[in-house]
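An overview of the molecular structure
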Amino acid sequence: MGTYDWVRDLLFGDPPSGSERSVFIAFDTETTGLEPRTDRIVEIGAVKFDSLGPIGRFSVLINPGIPMPEAASKVNGISDDMLRKQPPMEAVLPDFLRFIGSGILVAHNAPFDVSFINAALGLYWKRAEEWEKRATDQLSLLEPVDPEPEVQVDESATPWKPPFPALPNKVVDTRILAKELIPGRYSYKLQDLAEYLQIKALEAHRAEDDARVCMEVFLKCAQLIPATHQ
């Protein structure tokens, strides 16, 4: 049995009585580089869908707080001028988490995109925990004790804390899915698979269109999963 045999049941099978259809979110990120510990996300694109088709779309440019390297800009066409007035990641992440909810994530070479989202979640989780610790630290025993010390808290300065330090969602990697179901291809890059499967890419290496292409690759591959595994 293949790694993703369960996908066919969730996508094409009838949901249990009283249950809703399974929701999937194909998503893609554009970044300043390849290292999630030091590089940053500059764009997130996503398409939410179920067995009946697309449900919603998410697309946003993000100010990474660091310069956009020329090499990365040549790949995705995103420049510092395009990012200068965009929201920071801290303002974007809550909306993205609300958009994906508990749905099943779909990405091409998923460890890359998931690692960048997790790096951002971990950063804000850590910042919020450090702030909470400073705000609740007790006075030293060597200092004079105020019987009812007043703690001044500036709520506007409280950093956002995500609901979790890493994505808990189930993830499907369309690169692995395609390797299992379409063996022997010379390349499993997203654009090469799209060409082979006759999916038209409108704006390669931009997050929203790559997410849409990823969704279509996923749907075509899911149809190739043997029905005997239902």
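Before reading further, recall that the structure is shown in the block above.
Residues numbered from 1 in each chain as written. Predicted model: local features only at pLDDT ≥ 70, side-chain atom pairs only at ≥ 80, totals over all residues. Heavy atoms only, no water.

Concerning the environment of E90
- When you line up the elements, E90 lands in helix α4 (residues 89–100).
- Residue class for E90 comes out partly exposed when judged on its relative accessible area of 27%.
- Between the alpha carbons of E90 and N63 there is a distance of 10.0 Å; along the sequence they are 27 residues apart.
- Contact partners of E90, with chain neighbours within four places excluded, come to Y124, P159 and W160. (Helix = DSSP H or I, 4+ residues; strand = E, 2+ residues; numbered from the N terminus. Buried < 20%, exposed > 50% of the residue type's maximum accessible area, 1.4 Å probe, protein only. Contact = heavy atoms within 4.5 Å.)

Describing the sheet that holds strand β4 (residues 104–107)
- Read across the sheet, five strands follow the order β3-β2-β1-β4-β5 without closing on themselves; strand pairing throughout is mixed. Each having just a single partner strand, β3 (53–61) and β5 (171–173) make up the two edges of the open sheet. Going across the sheet, the axis of each strand differs from the next one's by a mean of 20°, ignoring polarity.
- Pairing of β4 with β5 involves three bridges; the strand directions are parallel. From the neighbouring strand, L105 faces β5, where its bridge partner is V171.
- Across the face of the sheet, helix α8 (residues 207–222) comes into contact with β1 (24–31), β2 (41–50), β3, β4 and β5 while running at roughly 35° to β2. (Pairing = 2+ DSSP bridges. Axes fitted to C-alpha atoms, helices over the stretch in contact; angles between N-to-C directions.)

Section: the environment of G77
- Tracing the chain through its elements places G77 in the loop between α2 (70–76) and α3 (80–83).
- Here the alpha-carbon distance between G77 and H205, two residues 128 residues apart in the chain, equals 8.2 Å.

Let's talk about the pairing of β1
- Counted residue by residue, β1 has eight buried out of eight residues, so it is predominantly covered.
- As paired elements, β1 and β2 share eight bridges and run antiparallel to each other. Looking at β2, one finds that A26 is bridged to V47.
- Inspection of the sheet shows β1 paired to β4 by three bridges, in the parallel sense. Looking at β4, one finds that F24 is bridged to I104.

As for the pattern of salt bridges
- Using the criterion set out here, one finds 10 salt bridges in the structure.
- A salt bridge links E35 to R37; the nearest nitrogen and oxygen atoms lie 3.0 Å apart.
- What makes E35 partly exposed here is its relative accessible area of 27%.
- Taken together, the shared-partner salt bridges in this structure form one network comprising E43, E203 and R206. (Salt bridge = Lys/Arg side-chain N within 4 Å of Asp/Glu carboxyl O.)

A short note on the pairing of β2
- With 10 of its 10 residues buried, β2 lies for the most part within the structure.
- Note that β2 and β3 share eight bridges and pair antiparallel. Its bridge partner lying in β3, A46 is registered against F58.
- In this antiparallel pair of consecutive strands, β2 and β3, the connection spans two residues.

What to know about the packing of α4 against helix α5 (residues 110–136)
- Where α4 meets α5, the closest approach of the two axes is 11 Å, and the angle between their N-to-C directions is 115°. Considering the angle they form, α4 stands roughly perpendicular to α5. Two packed elements cross with a definite hand, and for α4 against α5 that hand is left-handed. Residues M89, E90, L93, F96 and L97 of α4 lie in contact with α5, whose contacting residues are I117, A120, L121 and Y124. (Parallel < 35°, antiparallel > 145°, perpendicular 65-115°, else oblique. Left-handed = near helix turned anticlockwise from the far one by under 90°.)

Overview of the nonpolar core
- Of all hydrophobic cores here, the largest spans 28 residues; its most connected members are V7, F24, V106, V172, L177, V217 and F218.
- Within the residue set of this core, elements represented by two or more residues are α1 (6–12), β1, β2, β4, α6 (174–181), α7 (190–196) and α8.
- With eight residues, α8 is the single largest residue contributor to this core.
- Grouped together as the second largest cluster of nonpolar side chains are 25 residues, V60, V92, I117 and A120 included. (Core = buried A, V, L, I, M, F, W, Y, C linked by side-chain atoms within 4.5 Å.)

Considerations on the packing of aromatic side chains
- Under the defined criterion, the tally for this structure stands at nine aromatic pairs.
- Note on F58 and F99: the rings are 5.5 Å apart at their centroids and 40° apart in plane angle, and the pair reads as tilted. Within this pair, whereas F58 is found in strand β3, its partner F99 is found in helix α4, the two being separated by 41 residues in sequence. You'll find F58 and F99 in the same group, each marked buried.
- Ring centres of F112 and F116 lie 4.9 Å apart, and the angle between their planes is 50°; this geometry places the pair in the tilted category. One end of the pair, F112, and the other, F116, are both in helix α5, four residues apart, so they sit about a helical turn from each other.
- In textbook terms, an aromatic cluster arises when at least three aromatic residues are bridged by ring pairs, as seen for F27, F58, F96 and F99.
- Positioned over the ring face of F99 is K48, at 4.6 Å from the centre of the ring.
- Stacked on the ring of W125, the Lys or Arg K161 has its end atom at 4.4 Å from the ring centre. (Phe/Tyr/Trp six-rings, centres within 6.5 Å; stacked < 30°, edge-to-face > 60°. Lys NZ or Arg CZ within 6 Å of the ring centre and 35° of its normal.)

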